[in-house]
Amino acid sequence: MAELKHSSLRYELRADLEEERIRQKIAERTSGETIRIYSLRLFLNCIVLAVLVTCFYAIYRATIFSQEHMKKEIDKMVFGENLLILYLPSIVITLANFITPMIFARIIHYEDYSPGFEIRLTILRCVFMRLATICVLVFTLGSKITSCDNSSCELCGYNQKLYPCWETQVGQEMYKLMIFDLIITMAVTLFVDFPRKLLVTYCSSWKLLQCWGQQEFSIPDNVLGMVYGQTICWIGAFFSPLLPAVATLKFIIIFYVKEMSLLHTCRPSPRQFRASNSNFFFLLVLLIGLCLAIIPLTISMAHISSSKACGPFINFNTTWEVVPSMVGTLPSSLQSLLHGVMSEAFAVPFFMIICLVMFYFIALAGAHKRVVIQLREQLSLESRDKRYLIQKLTEAQGDVRQ
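Reference entry: report on the structure contained in this document.

Cut-off values and rules
- Residues numbered from 1 in each chain as written.
- Predicted model: local features only at pLDDT ≥ 70, side-chain atom pairs only at ≥ 80, totals over all residues.
- Heavy atoms only, no water.
- Axes fitted to C-alpha atoms, helices over the stretch in contact; angles between N-to-C directions.
- Helix = DSSP H or I, 4+ residues; strand = E, 2+ residues; numbered from the N terminus.
- Parallel < 35°, antiparallel > 145°, perpendicular 65-115°, else oblique.
- Contact = heavy atoms within 4.5 Å.
- Nonpolar A, V, L, I, M, F, W, Y, C, P; charged D, E, K, R; others polar.
- Phe/Tyr/Trp six-rings, centres within 6.5 Å; stacked < 30°, edge-to-face > 60°.
- Buried < 20%, exposed > 50% of the residue type's maximum accessible area, 1.4 Å probe, protein only.
- Lys NZ or Arg CZ within 6 Å of the ring centre and 35° of its normal.
- Expected span 1.5 Å × (residues − 1).
- Bend = angle between axes of the 7 residues up to and from the residue.

For the pair helix α6 (residues 166-202) and helix α9 (residues 243-264), interaxial distance at closest approach is 11 Å and the crossing angle is 10°. Comparing their axes, α9 and α6 come out roughly parallel. Between α6 and α9, the residues in contact are M174, Y175, M178, I179, D181, L182, T185, M186, T189, D193, F194 and K197 and L243, V246, A247, K250, I253, I254, V257, K258, M260, S261 and H264, respectively. Broken down by class, the residue content of the contact of α6 with α9 amounts to 14 nonpolar, four polar and five charged.

Structure follows, in structure tokens:
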């Protein structure tokens, strides 16, 4: 326990020194260096934007191609063509999620940020990439589902010919994303990281392997993988009720695979950062994933007509209509209570109370931050006093010896 505490304190000190070094380096920049670094950052951000747009367009085209050809007769296809067409969007999304973090990790090293901000910016870029790919897939499917070109389609409110059970189709896409993410994670760990570790360990004399080096444990990639999987689970749980069980099993498997990879194939990151400053950001990223998952679910439940060929909502125009229908079957007292809770008379005071509670905790956090700053200043003064007393004691001992 003492060794672990000692290691934690040493890591915090190294993080403090790294942050202080970055601040000193920023303070010593000349005007020309500042202009150069901001110009470089602008250029690199344009590259990041171009990569994102390319990935989104590739996912859009892959989804359109897959949906237009998935009803093709199987006997007209060569071996594996049907499987490739069905899984094409998932393959493109998985490849984009696998390649873009490596590109962003290379780019961020040239932007000269502090270690903490570097990790947060990398996570933000990768989160936007991964979550936006899911949104592109979902909204592309939504546009194909609601696109009507005949009278029967307009009567049903969705493309019944191509999607007789569109909820099943969306659930299948989320399931395929979940499975492909698990396959890629395990394949990279077993067939890339472990051979890389063996090559670097036993063939270290090769210059190419020395430049490649051992796999670095990347916190952004691992946090992002959890957020990505959780977002897929949130979106797909409504359309595929067993998807949370699959996601739980997937996370258990990935946890032990990542633990084995961390202990045997990875090295710690050479760039120090303060983990306590990133915990809130990680939770914020997870909240962003939840909000992005709610948007397509709300649209599909409230605006897209439910399937008329299958599902529990075939007797309703939209999925949301089942809610007032079920409320109407409740006792009158309970109905009055629910109507009162959903009315403006309850919502406005509740919102005001929530805002007051939020402002209270914000003020409390600010007060705690000021106390921490004061305690740090006090510790700094005490350390100066101790150094002054030790210096005087040393001088006094020297005078006594003379």
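So, next bit.
Next up on the list: the packing of aromatic side chains. If you walk through the whole model with that rule in mind, you get five aromatic pairs. Geometrically, the ring pair formed by F238 and F239 is edge-to-face, given 5.2 Å between the ring centres and 85° between the ring planes. For F238, a relative accessible area of 31% puts it in the partly exposed group. Under the relative-accessibility criterion, F239 is labelled buried at 13%. Considering the side-chain rings of F255 and Y256, the 5.2 Å spacing of their centres and the 80° angle between planes classify their relative orientation as edge-to-face. Under the relative-accessibility criterion, Y256 is labelled exposed at 53%. Aromatic rings pair up to connect W166, F238 and F239 into one cluster. R130 extends its terminal NZ or CZ atom over the ring of Y228, reaching a point 5.1 Å from the ring centre.

Given a rise of 1.5 Å per residue, 37 residues ought to cover 54 Å, and the 53 Å separating the end C-alpha atoms of α6 matches this to within 8%. At T189, α6 is deflected by roughly 30°, the largest bend along its length.

Remember that the coordinates give geometry; whether it matters functionally is a separate question.
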